[in-house]
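# Architecture and fold: a report
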Amino acid sequence: MTSRSSRSPRSFGRPAQNRRDRLKKSIGQAEPVMRWSSLAAVGGIVAGSVAAGTVSGLAGLFARTVVTPVKTPAEDLEILAVVQGESGLEVILPVTEETTVPGTYSLGFDGGAGLARIGAVASFDPRDGTVQRQVEEVYSGELREAIRGRWTGFVYPSPQTLGYATEDVRIPVENGTAPAWLIRPDEETDQGAGAGASAPAGRGVWAVMVHGRGSKRTEGIRAIATARALGMTSLLISYRNDGEAPAAGDGRYGLGSTEWEDVEAAVAYALENGAREVVLFGWSMGGAVCLQMADRSELSSMVAALVLDGPVINWVDVLAHQARRNRLPDAVGRLGQWLMSNKAGRWATGLAAPVDLKAMDWLTRADQLRVPTLILHSEDDDFVPVGPSMDLAAKVPQLVSFVRFHLARHTREWNVDPQKWDRAVRVWLHAVLTSPRPGLAQLTA
């Protein structure tokens, strides 16, 4: 890092203040096209910014991009054609890192008003750069008229789509209430044990499902069947800045350092409504949120286990990876982290309080983990690298179990192999929930 970038922005003098003012204006203009799934907008500015020597400005742009929610996700995938195939409707798409991966996904279009479930690859022609995939179902909108769309990992628009009886509930949080879906356990699973047989392992346990950054509670629908198979109640929550729950005062992500309070509120709701304990399910940043809740909440003793899919185990590692991925100079990435972590960076990030990235480095804090944790992570996740997940499991194998997936992109492990995902979670959770735990006998007596 240069000597300039290591100094507080307050020491730059008036020219630097003018430069910051210009940067703020450029950030405001650039924000609508920036997405968590790609920081290419930042990378595209690199050449001109570095040539002008504005490392600090570029670092501010990087930092602000990370903590600023995107109100309208970009529909950046071209829909080339929709045709009638041998077995039904099929869609022709450009070949990308995601559209050629096997599995089941969804394609949003028409500003999010349209949604289709996309299945297996019907044909793939690398010569013209196109892939043709089966359209399993169009939930809403006119797919034949769509020109562009958004490729996503959530598959179903609501739990009702799968036939689950769903209650719409509201959880009291800071600044209001956050909507959530409540799905009761399958009565047949409970009754199927029969007289004299043991109750399902998850009876009385609630699965609180925490989506990732830039996503919504639909992300957790994929896990409902697994939770119900164990006799668990599912609570799919929203939290600050996700477009459904009340926004934070500063309108910024805390990367888990603030969002955990909304998860705590959801756990309190579960306990007040009959749960004896909870299991936290977290995807991507949702994993970081769950780890913070289990670490910092007064209700942490009520968390029986964590199930984390493609989680952020160490933000420093993820942010450094994103900087490299988008061809940002190392100095820019490091200064961007500094801006997020210090009060002096507020001019760039808009954060009301700095984010303590060190407190969310679970490789360094591995000996402070207290909750049994299952991590499911793909070696082909190029957004949140698998390395820290593997390293954490290696450091504390008595507490952290790791299941490796292949081919799946970020948080798409279930999409590529739902049977493996379901089996791994069910077997592991059954073992955890049926193992003797200190204090549980007194708690449930």
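Below: a short report on this structure. (Residues numbered from 1 in each chain as written. Predicted model: local features only at pLDDT ≥ 70, side-chain atom pairs only at ≥ 80, totals over all residues. Heavy atoms only, no water.)

## Describing the sheet that holds strand β2 (residues 81-84)
The strand order across the open sheet built from seven strands is β1-β7-β4-β5-β6-β3-β2, with neighbouring strands paired in antiparallel fashion. In the strand order of this sheet, the two ends are held by β1 (77-78) and β2, each with one partner. Summarising the sheet, strand β3 (residues 89-94) and strand β6 (residues 130-140) pair through five bridges and their orientation is antiparallel. Counterpart to Glu90 in the pairing with β6 is Gln134. (Pairing = 2+ DSSP bridges. Helix = DSSP H or I, 4+ residues; strand = E, 2+ residues; numbered from the N terminus.)

## Some details on the side chain of Arg133
Position of Arg133 among the secondary structure elements: in strand β6. Buried charged residue Arg133 carries no salt bridge. Nearest counter-charge: Glu136, at 7.9 Å. (Buried < 20%, exposed > 50% of the residue type's maximum accessible area, 1.4 Å probe, protein only. Lys, Arg positive; Asp, Glu negative; His and termini not counted. Salt bridge = Lys/Arg side-chain N within 4 Å of Asp/Glu carboxyl O.)

## Section: a nonpolar patch on the surface
A cluster of nonpolar side chains, namely Val95, Val121 and Phe124, defines an oily patch on the protein surface of about 230 Å² accessible area. Mapped onto the elements, Val121 comes out in strand β5 (residues 114-125). (Patch = residues over 30% accessible without salt bridge, like charges linked within 9 Å, V, L, I, M, F, W, Y side chains within 5 Å. Areas by Shrake-Rupley, 256 points an atom, 1.4 Å probe, with all protein chains shown as cover.)

## Things to note about the packing of helix α7 (residues 260-272) against helix α8 (residues 285-296)
The interhelical angle for the contact between α7 and α8, taken along N-to-C directions, is 70°, at an axis separation of 8 Å. Taken together, α7 and α8 sit at an angle that is classed as roughly perpendicular. Here α7 and α8 pass one another in a crossing that is right-handed. On α8, the residues touching Trp260, Val263, Glu264 and Val267 of α7 are Val289, Gln292, Met293 and Arg296. (Axes fitted to C-alpha atoms, helices over the stretch in contact; angles between N-to-C directions. Parallel < 35°, antiparallel > 145°, perpendicular 65-115°, else oblique. Left-handed = near helix turned anticlockwise from the far one by under 90°. Contact = heavy atoms within 4.5 Å.)

## Details of the packing of aromatic side chains
On inspection of all chains with the given rule, the structure shows three aromatic pairs. Each ring, one from Tyr105 and one from Trp151, has its centre 5.2 Å from the other, and the planes form 35°; the classification is tilted. With Tyr105 in strand β4 (residues 105-109) and Trp151 in strand β7 (residues 148-152), this residue pair connects regions lying 46 residues apart in the sequence. A single burial state applies to Tyr105 and to Trp151, both of which are buried. With 6.5 Å between their ring centres and 25° between their planes, Phe281 and Trp283 make a pair best called stacked. By relative accessible area, which is 1% here, Phe281 ends up buried. The exposure class assigned to Trp283 is buried, which follows from its relative accessible area of 3%. (Phe/Tyr/Trp six-rings, centres within 6.5 Å; stacked < 30°, edge-to-face > 60°.)

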